[in-house]
Amino acid sequence: MAFDIARLVGYGAVLLGIAYPLGLYMARVFTGGRTWLTPVLAPIERLVYRVAGVDPASEMPWTGYAVSLLLFNFACFVILYLLLRLQGLLPLNPTQAGAMSPAIAFNTAVSFVTNTNWQAYSGETAVSHLVQMAGFTWQNFISAATGVSVALALIRGLTRKEVRTVGNFWVDLTRTWLYVMLPLCVVLSLVYVSQGAVQTLAGQVAATTVQGATQAIHVGPIASQEAIKELGTNGGGFFGANSAHPFENPTPLTDFLQVLAVLAIPAGLTFTFGKMAGNMRQGAAIFLAMFILFAASVTVMYSFERAGNPNLTAAGADQVASAVQSGGNTEGKEVRFGIEASALYGSVTTAASNGAVNGSMSSMTPLSGGMAMLNMALGEVVFGGVGAGLYGMLVFAILAVFIAGLMVGRTPEFLGKKIGPKEMKLAMFAVLALEAGILIGTTIGVSTPAGLAGRLSAGPHGLTEIMYAFTSGVGNNGSAFAGLNAASPFYATAIGIAMLVGRYLFIVPVLAIAGSMGPKKQVPASAGTFPTDSPLFVGLLIGVVLIVGALTFFPAYALGPVLEHFLMHTGRVF
Amino acid sequence: MRRYVFTSIRMALVTLVVLGLVYPLIVTGVAQVAFPAQANGSLITSASGTVVGSALIGQRFTDAKYFDGRPSAAGADGYDASASGASNLGPTSRVLVDRVRTGVAAAVSEDPGLSAGSVPVDMVTASGSGLDPDITLANAYAQVARVARARSLPEATVRGIVDTQAIGRQFGVLGEPRVNVLLLNMALDAAK
């Protein structure tokens, strides 16, 4: 227990210690300043622009930015889809993975392009090394850099005075992966290898076990993908078991680095925002709102996993923590991580739209699993995806100042710019698209035979499985209650559509807000201005996020995780 | 519009080459030189040169003279290193509760000193990967009497080997104390 608390508090402190300097570094990178990596990376950057035919000096209006982003993402989707369909004919396929079926290939290509990394396939056998590298690792960088680009466009629209353009998409994209992600990934992947993560082009090793059985041990270029899998809040694992697999996450140290890597950029970007807004307190307010929601989520998940499952005690298992066991609900958890690191991983990766797991989410106690689902359902704004978390939270910030404006009868302002009906409509459209996507998707899932047939569990857990899947898809998270048969044609298609809705019906309105805010004048703050860097604003922002999430989803959650929690304590099983 | 399309395709291809090929291949090259044992799977080779397994991947033990790993949901028989995964059974699953009850009964009948209610929970619950190489110290100590009897060794000797194989928290803080089952069983075989 004492170790658990010390590690959780230590994690928060180390995260802040990394996020702040990283945020300032990113602000320098994205405003074109020199960094200590510039001498090495600038020639590569210029080469990329030359090959792609990009003029880095020209800026785009929001429409050009959006069109570039959509066309580029579509090109990536087509290439990835073709790789998945043709992998059997391509090199670097030591385990002879054949072509993926059209439905699964569609689902998988959408999944990686939208930064969701929902996995309807099993990594060991279904994809070649070429796809793992030139398909998934590539898109892990690109989808994350796409998210950061959108956040940068929104920051520029909110903070620059009377400018019609929102930046250059190609420059934002390139600088994100080249200056921020790639250097960190090279270092992280080598640390992972030193701890035991595998990095080879071989396919599998045949072993003869101590008791004489044969064991086919799958290997591959794992560490290089693992590094960006967390840093880019992607979450798609090399193996079916994701970061529970010892080759992806061999030691407690790699586990700790992974949960840090997941939140490093999303947390850092709040300070980037503060720096670019010329007022660090604005960034700190957003960070604080996110951190408070995050700390609450960790507390809930840790407490319920630590308390364990009364059904297992009744069956004769000892779940009490002692010097020789971590105890608690260990179904689906790895011994080396125990309760604390498993609960923290589950909380971090659902808060951050990462979707990696170091254990089974589905086997968590009902309210822990429900908390993970709520993290995603709040719109992935509790740090959220790389870039996506910040632009999502800024949309909620716009809602919060609007509500504050209604209460005092003044035109709402954010960072000195007046928020008009157009921006409000766009913000509401984005939020409602997410919520409608989750609720409509779940409704279809629970009311069609194909949807119901995919469940592993009966009872309230089955409802949670379906709702978790659509929440994860729309939230572009990728986390799963993995008992659900995600590979069935119904779920492959439906979740594929959910991922597209959650990604692009949010990104386009956000870019439109950026374009519409950019040309506005900044009016000086007056006595009637609601300060958005105050503790009152932090509280209001948290309130808006929770009210929007709770009111929308509470009825469904009452029938899923909450009901299961009470039934579990009466000893009811299904 | 055409310009946007061409730029998109060219940008996609150049990033694919840099991030999808150059980056992983450079990391592979460096890793193979700097950490060859780990990069190839921390493989364990027997005296005769055959690969016995990986220090990081659990394997199935059924013989009473070996310590058992945890129940495994990987593959039909468990510990299938090409089908990693968890049971994903929910906390109110009848299948899960029945499996735990069966596991408790088996442990109580095989391991002297265990009774229903005192069975370490990791002994009867499946891991996240299905390949968990470790068990808790509580789990290992619970199996000492059985293993000692099967090997006709004093319990203190077996317990001593467990203690020498125990892995502490990394840097004194991270993770949980544990024992690697494969390494423990190989140490037992070497000791006799």
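From a predicted model like this one, the values you see are computed outputs, not experimental measurements.

A.B. asks: Which parts of the structure should I look at to understand the overall build of chain B?
C.D. replies: Summing up its helical and strand segments, chain B has 6 helices and 6 strands in all. Across chain B, helices and strands are ordered from the amino to the carboxyl terminus as α-α-β-β-α-β-β-α-α-β-β-α. Over its C-alpha atoms chain B spans a radius of gyration of 22 Å, topping by over 25% the 16 Å that the globule rule assigns to 192 residues. Overall size of chain B, expressed as C-alpha extent along the three principal axes, is 75 × 45 × 35 Å.

A.B. asks: Can you walk me through the overall build of chain A in this structure?
C.D. replies: Counting its regular elements, chain A contains 19 helices and 7 strands. For chain A, whose C-alpha radius of gyration is 23 Å, the value lies close to the compact-globule estimate of 25 Å for 574 residues. On the principal axes, the C-alpha backbone points of chain A span a range of 75 × 55 × 50 Å. Out of the 574 residues in chain A, the part that is buried amounts to 64%.

A.B. asks: Explain the pairing of strand S3 (residues 204-208) of chain A here, please?
C.D. replies: Residue and element names in this part refer to chain A. Burial along S3 is one-sided: Val205 and Ala207 are buried, while Gln204, Ala206 and Thr208, pointing the other way, are not. As paired elements, S3 and strand S4 (residues 214-218) share 5 bridges and run antiparallel to each other. If you follow Ala207 over to S4, its bridge partner there is Gln215.

A.B. asks: What is the right way to look at the interface of chain A and chain B in this model?
C.D. replies: Interface extent is often summarised as the accessible area lost during association of the parts. Contacts between chain A and chain B engage 108 residues on the former and 92 residues on the latter. For the side of chain A that touches chain B, the leading source of residues is helix H7 (residues 169-195) of chain A, giving 8 residues. Grouping the amino acids of the side of chain A that touches chain B by side-chain chemistry returns 59 nonpolar, 40 polar and 9 charged. Strand direction decides the pairing type here: strand S5 (residues 317-318) of chain A and strand S3 (residues 119-120) of chain B, joined by 2 bridges, are parallel. Bridge pairing in S3(B) links A:Asp318 to B:Pro120.

A.B. asks: Sorry, what's going on with the domain arrangement of chain B here?
C.D. replies: Per the domain assignment, the segments making up chain B are domain 1 (2-38) and domain 2 (54-191). Taking only C-alpha atoms into account, the centre of domain 1 of chain B sits 41 Å from that of domain 2 of chain B.

A.B. asks: Teacher, can you tell me more about unusual backbone geometry here?
C.D. replies: With glycine set apart, most residues show a phi of negative sign, and most peptide bonds adopt trans. All names here are of chain A. Phi at Asn117 takes a positive value of approximately 60°, unusual for a residue other than glycine. With respect to the helices and strands, the residue Asn117 is situated in the loop between helix H4 (102-113) and helix H5 (123-126). The phi angle at Leu415 is positive, at roughly 55°, despite the residue not being glycine. Here Leu415 lies in the loop between strand S6 (413-414) and strand S7 (417-418). On the neighbour-count criterion, Leu415 (20 C-beta atoms within 10 Å) is buried.

A.B. asks: What am I meant to see in the packing of helix H4 (residues 137-151) of chain B against helix H5 (residues 155-165) of chain B here?
C.D. replies: The relative placement of two packed helices is expressed as an angle between their axes plus a distance between the axes. Residue and element names in this part refer to chain B. At a closest axis distance of 9 Å, the pairing of H4 and H5 adopts a crossing angle of 140°. By the criterion of interaxial angle, the relationship of H4 to H5 is oblique. Helix-helix and strand crossings are classified by hand; for H4 and H5 the assignment is right-handed. From H4, Ala140, Tyr141, Val144, Ala145, Val147 and Ala148 reach across to H5, where they touch Glu155, Val158, Arg159 and Val162. Among the residues forming the contact of H4 with H5, the class breakdown is 8 nonpolar, no polar and 2 charged.

A.B. asks: Please clarify how the pairing of strand S2 (residues 51-54) of chain B should be interpreted in this entry.
C.D. replies: Looking along a regular strand, one sees side chains alternate from face to face of the sheet. Residue and element names in this part refer to chain B. Both strand S1 (residues 43-45) and S2 contribute to a ladder of 3 bridges, which runs antiparallel. Within the sheet, the bridge partner assigned to Thr45 lies in S2 and is Val51. If you look at the hairpin formed by S1 and S2, you'll find 5 residues sitting between the two strands, and Gly49 has a positive phi there, around 95°.

A.B. asks: I keep staring at the nonpolar core and nothing clicks. Help me out?
C.D. replies: Generally speaking, nonpolar side chains in soluble globular proteins are found buried as a group. Residues A:Leu154 and A:Val510 are the most contacted members of the largest nonpolar core, which totals 219 residues. Take this core: its biggest share by element is 18 residues, from helix H6 (residues 129-159) of chain A. Shared between two domains, this core holds at least three residues of each, these being domain 1 (2-38) and domain 2 (54-191) of chain B. The residues touching A:Leu154, leaving out its near neighbours within four places in the chain, are A:Tyr391, A:Leu394, A:Val510, A:Ile513 and A:Ala514. By size, the runner-up hydrophobic cluster in this structure holds 35 residues, among which are B:Val104, B:Leu114, B:Ala140 and B:Ile161.

A.B. asks: In this structure, what is going on with H4(B)? I would like to understand it.
C.D. replies: The α-helix advances 3.6 residues per turn, and as a result positions three or four apart in sequence lie on the same side. Residues and elements named next belong to chain B. For H4, built from 15 residues, the straight-helix expectation of 21 Å at 1.5 Å per residue is met to within 8% by its first-to-last C-alpha distance of 20 Å. Of all bends in H4, the biggest is about 40°, found at Val144. Residues of H4 that are buried sit in contact with helix H3 (94-110), S3, strand S4 (134-135), H5, strand S5 (166-167) and strand S6 (178-180). Just downstream of H4, Ser152 is the residue with a positive phi angle, here 55°.

Rules and cut-offs
Residues numbered from 1 in each chain as written. Chains lettered and ligands numbered in written order. Predicted model: local features only at pLDDT ≥ 70, side-chain atom pairs only at ≥ 80, totals over all residues. Helix = DSSP H or I, 4+ residues; strand = E, 2+ residues; numbered from the N terminus. Rg over C-alpha atoms; globule rule 2.2 N^0.38 Å. Buried ≥ 20, exposed ≤ 12 C-beta atoms within 10 Å, placed from the backbone. Pairing = 2+ DSSP bridges. Contact = placed C-beta atoms within 7 Å. Nonpolar A, V, L, I, M, F, W, Y, C, P; charged D, E, K, R; others polar. Domains from an automatic or database assignment. Axes fitted to C-alpha atoms, helices over the stretch in contact; angles between N-to-C directions. Parallel < 35°, antiparallel > 145°, perpendicular 65-115°, else oblique. Left-handed = near helix turned anticlockwise from the far one by under 90°. Core = buried A, V, L, I, M, F, W, Y, C linked by C-beta atoms within 7 Å. Expected span 1.5 Å × (residues − 1). Bend = angle between axes of the 7 residues up to and from the residue.

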